[in-house]
Every structure is written in C-alpha cells, then in structure tokens.
Amino acid sequence: MKKHGYGIGNMWYGVGNTAAPNPSGAFVDFLDDGTVIVLSGCADIGQGSSTVLAQIAAETLGVGLENVAVIAADTEVTPDAGATSASRQTYISGNAVRFAAEKAREQVIAQAAERLNLPADNVSLKDGQIWHQDEPTGTKIQDVIAQCRSKGILTLGQGWFNPVTTKLDPLTGQGAPYATYAFATQVAEVEADTETGVIEVKRIVAAHDVGRAINPQNVEGQIEGGCIMGMGYALLEEVAVNQGRIENPALSTYLIPTALDIPEMFPVIVEDEEPSGPYGAKGVGEPALVPTAAAIANAVADALGIRLYDLPLTPEKIVAAIRAAAEESELGLNG
Amino acid sequence: MFELDAYYQPESLAVALELLAKSDGKLRPLAGGTDLVPALAKRKIHCPGLIDLSAVSELRAIIAREHEIQIGSMSTFAQIEEFLVIRNRFPLLSEAAASVGSPQIRNTGTIGGNIANASPAADMVTALIALEAEVRLDSSEGFRTVPLQNILEGAGKTHIRPQEIITNILIRPLAPGSRSGYIKLGRRRALAIARLNLAVILAVHENKISLARVALGAVGPNPCRSSALETTLEGQQISSTLVDTFASEAEKEVVRMLGSRPSVSYKQEAVKGIARELLPRLFSSTEGVVA
C-alpha cells in the first residue's frame with residue numbers, strides 16, 4: 001500500500017568558521033579601458049563564486065559584468081581567501097572584493113568630482129558613467145580613469161574582511177562563534193510503499209534566508225543541489241563496514257541519487273538583508289542540505305505513523321519497522 | 001588496469017569461432033564488456049586473452065519473422081529497448097532492457113553478455129525466461145539451440161562450452177491479445193542492480209486468464225519460472241482479489257526460493273509491492289497488449 005506524508009525541517013546555521021578568525025583578501029584593479037581585474041584566493045568549485053564576486057565588483061564600480069575578469073584561487077598571484085567551505089565565500093570573500101572595489105572607486109570618484117566640480121559625496125558610478133545624484137553626467141568612467149593615469153594616479157584597491165567572532169568559553173561553551181546565521185525551512189512530501197519499503201520523495205519546498213541573493217538563479221541551483229544531497233543522506237548513503245573495512249568504497253556501491261530520483265523542487269528565496277554582508281548577502285551552500293533529511297524523516301513518520309531514528313531510511317529498515325510495529329500492536333491487543 | 005596476452009577483434013563469426021576453438025580455453029569472448037571488463041580490472045576474473053565480438057556485425061541483427069524473432073547476441077540493451085517490433089510484440093522485453101543501468105550501459109551492454117554473465121539479478125534474463133526464449137550457441141563444430149533456462153547453472157555459471165559463442169536469442173511470438181510486463185525493484189531509479197524483478201505474460205479472454213507465465217529474478221542463483229504463481233493466475237477471472245491472492249502466493253514463493261538467506265525477510269514483503277504494481281497494470285489497461 002502507498003501512503004502519503006508531509007514533513008517539515010527547520011534549521012539555522014552559522015556562516016564562516018566556528019569561533020575562529022577566517023579572513024579573506026582581494027585586489028581590484030580598474031584599468032583605463034574600463035576593465036576590472038579582481039584577484040581573490042576564493043576557489044570556485046562549481047558553486048559559482050567567481051560569478052558572484054564579479055557581480056559584486058561590477059555593482060560597486062558601475063560597470064557591466066562583461067567588463068570584469070576574475071582571477072581566482074591562483075596561489076601565485078591571488079591573496080588568501082581561506083577555504084571554500086563553511087558556506088562563507090559569498091559573505092566573506094564577497095566583502096573583501098566589495099571593500100577592494102570601493103577603494104578603487106574612491107580614486108575614480110575623487111578625480112571625477114574635481115573634474116566636474118561637484119562634491120564627492122554626490123558623485124557615483126553607474127552604467128559606465130559618472131553620475132551626479134540621480135542623473136548621469138555624460139562623462140564616461142574610462143575617461144576619468146585615463147585622466148587619473150595622465151596624472152600618475154592608479155585606480156587600484158585592496159580589501160579584506162574577517163567576520164567578528166569570539167572564542168567559546170571553555171567552561172560554558174558560550175560566545176559568539178559566527179558573525180551571521182542563515183535560516184531555512186523545508187517541507188517534503190513522500191510516498192511510502194508499505195511492502196517494498198521504498199520511500200519516494202515527490203516534492204520539496206525549500207525556503208532559505210540568504211540575506212540577499214546576489215545571483216538568484218545560482219542560489220536556486222545551490223538549494224536544489226543541497227536538497228538532492230540531503231535526500232541521498234536521508235534515503236541512500238550508507239557506509240557498510242565489516243571488521244574495519246569499508247565494503248562499498250565506490251560510487252557503484254555507495255549510492256547517491258541519480259537524475260531519475262530527483263523530486264519536484266520549489267526553492268523559495270527569502271531576502272532579509274544582513275547588514276555586515278556584501279549588499280546584504282550571507283551564505284547558502286551547506287544550509288541547503290541541512291534540513292532536508294529531517295523533513296523527509298518527518299514525512300515518513302507522518303506517512304507510516306512510525307518514527308525512525310537511524311538514517312538512511314532504507315527499504316529494509318522501513319519494512320522491518322512496519323513489521324515490528326504490527327507485532328507490537330498485536331501483542332498489545334492480546335495482552 | 002590489467003594485462004592481456006592476446007586481444008583479437010575478428011570481423012566475422014567464422015574467424016571468431018576458429019580463434020576460440022584453437023585457443024584451448026585461454027580466450028574468452030568479449031561482448032559489451034560492462035561486466036567482464038570491471039571484473040578483469042578488479043582481478044575477480046583472470047583470463048589470458050579476449051576475442052572482442054564488437055566488429056562481428058552479423059551478431060547485431062534483429063530479425064522479425066512470422067514464427068519467431070531472432071535477436072543477435074551483440075544487440076545492445078538500447079537497440080532492444082527501441083526496436084519497434086519488440087516494443088509491440090514483446091513489451092516486457094523492451095521494458096526490461098530499459099531498466100538496465102544507465103544510457104551509457106544500455107548503449108554498450110548486450111543481451112548475449114547479460115545471459116553469459118549469469119547474474120542472479122540479470123534484468124533481461126527474467127524477461128527472456130518468461131518468454132521461453134531459446135539460445136543458439138555456435139562453435140566451429142556446429143551449433144545447438146537450447147532453452148535459456150537450461151544453460152543457466154547458478155550465479156555466474158552457465159553450461160556454455162569454452163569453444164561456444166552465444167549467437168542468437170530466439171523468441172516465439174505471443175498469441176494476439178496477450179499482455180506482458182516487467183517490473184524491477186532497485187535501490188534507486190537508474191544505475192541500480194535489481195533487488196527483485198518480475199516478468200509476467202498473460203493471455204486473457206473475456207476477463208479470464210487462459211495462460212500465465214511468471215518469472216522471478218534475484219530470488220535465487222538465476223531468474224526462474226514459478227509454476228505456483230502461474231497456477232494462481234490461470235483459469236481465474238481478472239479482479240482485485242486475484243491481485244491480493246497473487247501477492248500472498250508470491251510471498252510464499254519467495255520464502256521457498258530464498259530459504260534461509262538473510263534477504264528473505266525483506267524480499268518476501270517487497271515482492272508483494274511489485275506484484276501490486278505490475279498486475280493491476282496488466283489487468284486494467286491496454287498497455288502491454290500484443291498487437
């Protein structure tokens with residue numbers, strides 16, 4: 001028999017390394033043809049950080065994304081950005097790039113204010129132009145940079161950011177281990193087959209507070225990927241150990257979901273801007289998978305009326321739990 | 001990886017058979033290699049040399065005749081899945097082919113290799129056993145045609161002689177109006193080894209089952225027919241009660257077949273679930289009906 005169930009999982013999760021300094025640095029060079037070069041040690045391992053860092057530099061310097069070249073994770077030339085881990089790169093390296101870009105921007109604005117005879121506070125950079133308050137002045141950014149060069153001024157900035165944390169009190173365990181936190185709620189819908197024990201995840205709704213989505217499509221991709229990884233954790237991933245030896249040390253035997261196992265997913269981006277983040281952004285990498293297994297396990301409990309505490313929820317465990325519950329209720333009736 | 005003393009890629013069956021006859025058991029035929037090559041690489045199998053059959057085009061033909069369909073042993077799962085005559089006349093066979101591994105494996109693995117590998121969980125074999133398929137084995141001395149179930153001798157074992165190559169699989173057509181289907185239970189929806197598989201063929205006249213063939217896989221050394229389950233269906237009216245009866249008989253049959261194996265407690269329950277999925281599909285719809 002197939003039984004339907006719904007479950008919810010909630011989480012909050014610290015962004016950055018726990019109770020430890022984890023700074024990131026960046027250099028930004030604004031060239032006289034309007035090109036921006038960003039140097040950051042941030043390794044893009046597929047999560048899209050180079051795109052996000054380019055967007056932050058482009059936004060700060062008022063140029064199009066196509067004008068930004070990111071040189072990332074090359075230890076020969078890039079400053080340390082720490083690890084691509086702890087859901088930290090958008091928040092921490094994003095800030096480093098923003099600060100570096102702001103330094104380069106200040107040089108351009110100072111020159112533009114002098115040239116146009118405007119107070120620097122009212123000058124900004126947007127769409128490749130110098131703006132005065134809400135109006136474009138018609139002066140191109142690259143002409144101002146050229147003017148800087150003619151005077152021997154480089155439009156170059158460096159920046160770094162380290163989230164404010166404290167060590168944890170060794171006696172109480174208390175402190176402020178993270179500068180900011182991500183929050184998420186996911187709801188899973190499952191169909192449980194009481195005979196085959198197969199749990200089919202039908203749908204997942206995943207709402208994530210990311211501060212501000214610098215790249216919404218990228219955030220959705222991270223959320224969907226995280227849900228799939230969390231689903232593997234809930235239903236498939238199992239290390240079989242026999243006398244200290246792992247018996248399934250290959251992807252042919254240690255199973256994760258395939259494209260055919262993926263449920264319908266509905267990512268919901270919640271934007272509650274983080275004051276200390278670049279343009280309000282936080283992180284989403286790990287949070288995307290944290291609540292998924294809990295939501296699925298709760299949905300299974302809802303479907304079957306039986307709560308399991310041991311992941312993964314394999315068909316064998318489901319069938320055994322249903323059988324045990326049936327035997328128990330029979331004993332209860334007889335006794 | 002692994003080293004071989006000899007590797008041949010003949011372009012005709014005659015040359016392949018001659019090489020095999022002369023090799024004194026030292027050469028093994030290589031079909032798609034999706035099972036054999038990983039086994040060689042992991043040193044689970046040792047063999048001094050291979051005769052790669054991939055260039056023997058005469059083994060790739062699928063020929064539909066009125067009284068039988070002849071499937072060349074080197075036909076891939078993908079070819080079988082997509083071959084229109086098979087889809088129309090033996091839907092369970094294309095369903096079984098579609099359930100194998102991944103697109104990459106289905107483009108490489110072959111029906112002959114699936115038989116020769118003799119896995120207890122072989123997807124195609126369960127369907128072919130239900131179809132009462134025959135296997136043609138050729139050697140340089142001649143050929144013989146044997147019912148598939150007679151050449152399976154246990155997990156990973158067959159009665160194929162060292163100098164023989166599976167050349168064709170022969171299937172007689174089902175009576176018009178027959179319905180057939182295949183279902184597989186794996187740990188996930190692709191790239192999974194069958195925990196159980198079930199193939200059912202029914203001939204139904206006026207809602208009454210006149211003939212039933214049922215084969216089960218991954219419940220013993222090789223997939224096999226279940227006369228008990230066939231008897232449960234034959235002569236009965238199609239109904240939801242019959243689905244329940246079949247499911248509980250399938251449970252008994254799995255217990256009988258698996259004996260004291262540890263997987264029995266799960267599989268005796270699981271077989272009911274796959275039976276409840278497959279049988280109503282065959283009972284109710286026109287899906288899987290032979291044209």
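Keep in mind the model is a prediction, meaning the values are calculated, not measured. Position numbers for residues start from 1 in each chain and track the written sequence from start to end. Each chain takes a letter, starting from A, and each ligand takes a number, starting from 1, following the order in which they are written. Selection of residues for local features in this predicted model requires a pLDDT of at least 70, selection of side-chain atom pairs for listing and counting requires 80 or more, and totals for whole chains, interfaces and linings are taken over all residues. Water and hydrogen atoms play no part in the side-chain values, which are based on all heavy atoms of the structure.

Let's shift gears to the overall build of chain A. On a plain count of helices and strands, chain A comes out with six helices and 13 strands. Taken over C-alpha atoms, the radius of gyration is set against a globule rule of 2.2 Å times the number of residues to the power 0.38. Its C-alpha atoms give chain A a radius of gyration of 26 Å, more than 25% over the compact-globule value 20 Å for 335 residues. Projecting the C-alpha coordinates of chain A onto the three principal axes gives extents of approximately 95 × 40 × 40 Å. The rule is simple: take the accessible area with a 1.4 Å probe, protein chains only, and divide by the maximum for that residue type; under 20% is buried, over 50% is exposed, in between is partly exposed. The 335 residues of chain A split such that 44% are buried. The long-range share in chain A, meaning contacts at least 24 apart out of those at least 6 apart in sequence, stands at 72%. Here chain A has roughly 16,300 Å² of accessible surface; of this, 53% comes from carbon and sulfur atoms. Positive charge is attributed to Lys and Arg, negative charge to Asp and Glu, and no charge count is given to His or to the chain ends. Lysine's charge is taken at NZ, arginine's at CZ, aspartate's at CG and glutamate's at CD. Taking the average place of the 20 positive charges on the side chains of chain A and the average place of its 42 negative ones, the gap between the two points comes to 3 Å. Secondary structure elements are defined from DSSP: runs of H or I of at least 4 residues count as helices, runs of E of at least 2 residues count as strands, and each element is numbered from the N terminus. In what follows, a contact means two residues having at least one pair of non-hydrogen atoms within 4.5 Å. Each accessible area value is a Shrake-Rupley result obtained with a 1.4 Å probe; residue values ignore everything except the protein chains displayed when judging cover.

With 16 residues of chain B at the contact, the number on the chain A side is 19 residues. When two parts are put together, the accessible area they lose, computed with a 1.4 Å probe and summed over both, is reported as buried area. Both sides of the chain B and chain A interface together cover about 1,600 Å² of buried area, and 51% of this is carbon and sulfur. Think of a salt bridge as a Lys or Arg side-chain nitrogen and an Asp or Glu carboxyl oxygen that are within 4 Å of each other. Run the count over chain B and chain A and you get six salt bridges. Between glutamate 195 of chain A and arginine 276 of chain B there is a salt bridge whose closest N-O contact spans 2.6 Å. Any pair of N or O atoms that falls within 3.5 Å is considered a polar contact. Within protein, one atom must be able to donate a hydrogen and the other to accept it, and sequence-neighbouring residues count only if both atoms are side-chain atoms. At the junction of chain B and chain A, the tally comes to 11 residue pairs in polar contact (both at pLDDT 80 or more).

A word on the pairing of strand S6 (residues 134–139) of chain B. Residue and element names in this part refer to chain B. One requirement defines pairing of two strands: DSSP has to find at least two bridges between them. With six bridges connecting them, S6 and strand S7 (residues 142–147) associate as antiparallel partners. Residue aspartate 138 lies in a different strand from S7, and its bridge partner there is phenylalanine 143. As paired elements, S6 and strand S10 (residues 165–171) share five bridges and run antiparallel to each other. Its bridge partner being in S10, glutamate 134 is matched across the sheet by leucine 170.

Glancing now at helix H8 (residues 123–130) of chain B. Counted residue by residue, H8 of chain B has eight buried out of eight residues, so it is predominantly covered. Three or more residues of H8 of chain B are buried, namely Asp123, Met124, Val125, Thr126, Ala127, Leu128, Ile129 and Ala130 of chain B.

Let us now look at the environment of arginine 256 of chain B. If you trace the backbone, arginine 256 of chain B turns up in helix H11 (residues 240–258). C-alpha of arginine 256 of chain B to C-alpha of glutamine 268 of chain B: the two residues are 12 residues apart in sequence and 9.5 Å apart in space.

This brings us to helix H5 (residues 91–98) of chain B. By the criterion of burial, H5 of chain B is predominantly enclosed, with six of the eight residues buried. Taken together, the buried positions of H5 of chain B are occupied by Pro91, Leu92, Leu93, Ser94, Ala96 and Ala97 of chain B.

With that settled, consider the UniProt feature "domain: FAD-binding PCMH-type" (unreviewed entry) in chain B. In the numbering used here, UniProt assigns the "domain: FAD-binding PCMH-type" (unreviewed entry) feature to residues 1–176 of chain B. Between the first and last C-alpha atoms of residues 1–176 of chain B the distance is 50 Å; the span itself is 35% helix and 24% strand. UniProt positions are given in the numbering used here, feature names are shortened, and annotations may be inferred rather than shown by experiment.

Quick look at the sheet that holds strand S2 (residues 27–30) of chain B now. All names here are of chain B. The sheet built from three strands is open, its strands ordered S1-S3-S2 with parallel pairing. With partners counted over all chains shown, the strands left at the sheet margins are strand S1 (6–8) and S2, one partner each. For this sheet the average axis-to-axis angle between neighbouring strands, irrespective of direction, equals 20°. Judged from the three bridges that link them, S1 and strand S3 (residues 49–52) form a sheet pairing that is parallel. Following the sheet pairing, tyrosine 7 is matched in S3 by leucine 50. All axes are obtained by fitting lines to C-alpha atoms, using only the stretch in contact for helices, and the reported angles, taken between N-to-C directions, cover 0 to 180 degrees.

All names here are of chain B. The sheet contact formed by S2 and S3 spans four bridges and is parallel. Counterpart to leucine 30 in the pairing with S3 is aspartate 52. With its strands directed away from the observer, a crossover is right-handed exactly when the path from the first strand over the helix to the second travels clockwise. For the handedness criterion, the β-α-β arrangement of S2, helix H2 (residues 36–41) and S3 is classed as right-handed.

So, about the pattern of salt bridges. Residue and element names in this part refer to chain B. Throughout the structure, instances matching the rule amount to 30 salt bridges over all chains. For glutamate 95, the salt bridge is made with arginine 281, and the minimal N-O distance between the two is 3.7 Å. With glutamate 95 in helix H5 and arginine 281 in helix H12 (residues 264–284), this residue pair connects regions lying 186 residues apart in the sequence. Note on arginine 281: relative accessible area 24%, which makes it partly exposed. In this structure, aspartate 123 and lysine 184 form a salt bridge, with 3.1 Å as the shortest nitrogen-oxygen distance. Of the two residues, aspartate 123 sits in helix H8 while lysine 184 sits in strand S11 (residues 178–185), which places them 61 residues apart along the sequence. Take aspartate 123: its relative accessible area is 8%, and that puts it in the buried class. Three or more residues joined by partner-sharing salt bridges are found here, namely Glu132, Arg172, Arg213, Arg225 and Glu230.

On to the sheet that holds strand S12 (residues 196–205) of chain B. All names here are of chain B. Ordered in space as S11-S12-S13-S14, the four strands form an open sheet in which the pairing is antiparallel. Every other strand in the sheet has two partners, leaving S11 and strand S14 (224–225) as the edge strands with one partner each. Pairing analysis gives eight bridges linking S11 to S12, with the strands arranged antiparallel. Residue pairing for S12: leucine 185 is matched across the bridge by leucine 196. Strands S11 and S12 of the sheet are contacted by H5, whose axis makes an angle of about 15° with S11.

It is worth spelling out the domain arrangement of chain A at this point. Residue and element names in this part refer to chain A. In terms of domain boundaries, chain A breaks down into domain 1 (2–14 + 181–334) and domain 2 (24–161). Where a domain begins and ends is set by an automatic assignment or by a domain database. Distance between the C-alpha centres of domain 1 and domain 2: 40 Å. Between domain 1 and domain 2, the residue contacts involve 17 residues of the former and 17 residues of the latter. Roughly 1,200 Å² is buried in total at the junction of domain 1 and domain 2, and carbon and sulfur atoms are behind 53% of that figure. Of all residues in domain 1, Ile214, Pro278 and Tyr279 give up the largest surface area on contact with domain 2, accounting jointly for 44% of the area buried on that side.

Attention shifts here to the packing of H11 of chain B against H12 of chain B. Residues and elements named next belong to chain B. Across the interface, H11 lies against H12 with an axial gap of 8 Å and an inter-helix angle of 145°. H11 and H12 meet at a crossing whose hand is right-handed. When H11 is examined against H12, the residues Leu242, Val243, Asp244, Phe246, Ala247, Ala250, Glu251, Val254, Val255 and Leu258 are found in contact with a partner set consisting of Val264, Lys267, Gln268, Glu269, Val271, Lys272, Ala275, Arg276, Leu279, Pro280 and Phe283. Three classes are used: nonpolar for Ala, Val, Leu, Ile, Met, Phe, Trp, Tyr, Cys and Pro, charged for Asp, Glu, Lys and Arg, and polar for all others, with Gly counted as polar. Taken together, the residues that form the contact of H11 with H12 break down as 14 nonpolar, one polar and six charged. In this scheme the crossing of two helices becomes right-handed for a clockwise turn of the near helix relative to the far one and left-handed for an anticlockwise turn of less than a right angle.

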